[in-house]
Amino acid sequence: MTSLAATGAHENEDPVELMLKKTGCIELHYKVQECIAERGDWRRCQGVVKDFKQCMQKYTNHQMKKYTQKE
């Protein structure tokens with residue numbers, strides 16, 4: 001049985017942020033959000049969007065390799 005203190009920490013965190021922390025791409029995600037906030041249009045943030053996309057693709061490729069090697 002888990003304690004309330006142990007489960008409470010994760011209940012307050014955004015599930016998207018938890019997922020992004022696992023990928024290692026959270027800082028790039030923050031940079032994309034910051035750019036959009038500053039410029040008001042994600043299309044004007046293509047450099048950081050591209051970096052974030054590459055980071056997520058690298059994570060996805062790593063996960064795919066991990067699971068396909070088990071078969």
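A. A look at the overall build of the protein chain. What the protein chain contains, in helices and strands, is four helices and zero strands. Overall, the protein chain shows an N-to-C arrangement of helices and strands of α-α-α-α. Out of the 71 residues in the protein chain, the part that is buried amounts to 18%. Carbon and sulfur atoms make up 55% of the accessible area of the protein chain, which totals about 6100 Å².

B. Focus on the pattern of salt bridges. For the structure shown, the criterion picks out two salt bridges. Across the salt bridge formed by K21 and E13, the nearest N and O atoms sit 2.9 Å from each other. You can call K21 partly exposed: its relative accessible area is 45%. The salt bridge partner of R43 is D41, with a shortest N-O separation of 3.0 Å.

C. View of the confidence of the model for the protein chain. For the protein chain, the average pLDDT comes to 87, and 82% of its residues sit at 70 or higher. A low-confidence stretch, residues 1-7 (pLDDT under 50), is modelled with one contact involving residues beyond four sequence positions or located in other chains.

D. Molecular detail of the state of the cysteines. A full pass over the atoms with the stated rule returns two disulfides. Between C35 and C45 runs a disulfide, and the two sulfur atoms are separated by 2.1 Å. Judged by the sign of its S-S torsion, about -95°, the bond between C35 and C45 is left-handed. Residue C35 is located in helix α3 (residues 26-39), and its partner C45 is located in the loop between α3 and α4 (46-69); the two are separated by 10 residues in the primary sequence. Accessibility classification places C35 together with C45 in one group, the buried group.

Conventions adopted
Residues numbered from 1 in each chain as written. Predicted model: local features only at pLDDT ≥ 70, side-chain atom pairs only at ≥ 80, totals over all residues. Heavy atoms only, no water. Helix = DSSP H or I, 4+ residues; strand = E, 2+ residues; numbered from the N terminus. Buried < 20%, exposed > 50% of the residue type's maximum accessible area, 1.4 Å probe, protein only. Areas by Shrake-Rupley, 256 points an atom, 1.4 Å probe, with all protein chains shown as cover. Salt bridge = Lys/Arg side-chain N within 4 Å of Asp/Glu carboxyl O. pLDDT = per-residue confidence, 0-100. Contact = heavy atoms within 4.5 Å. Disulfide = S-S within 2.5 Å.

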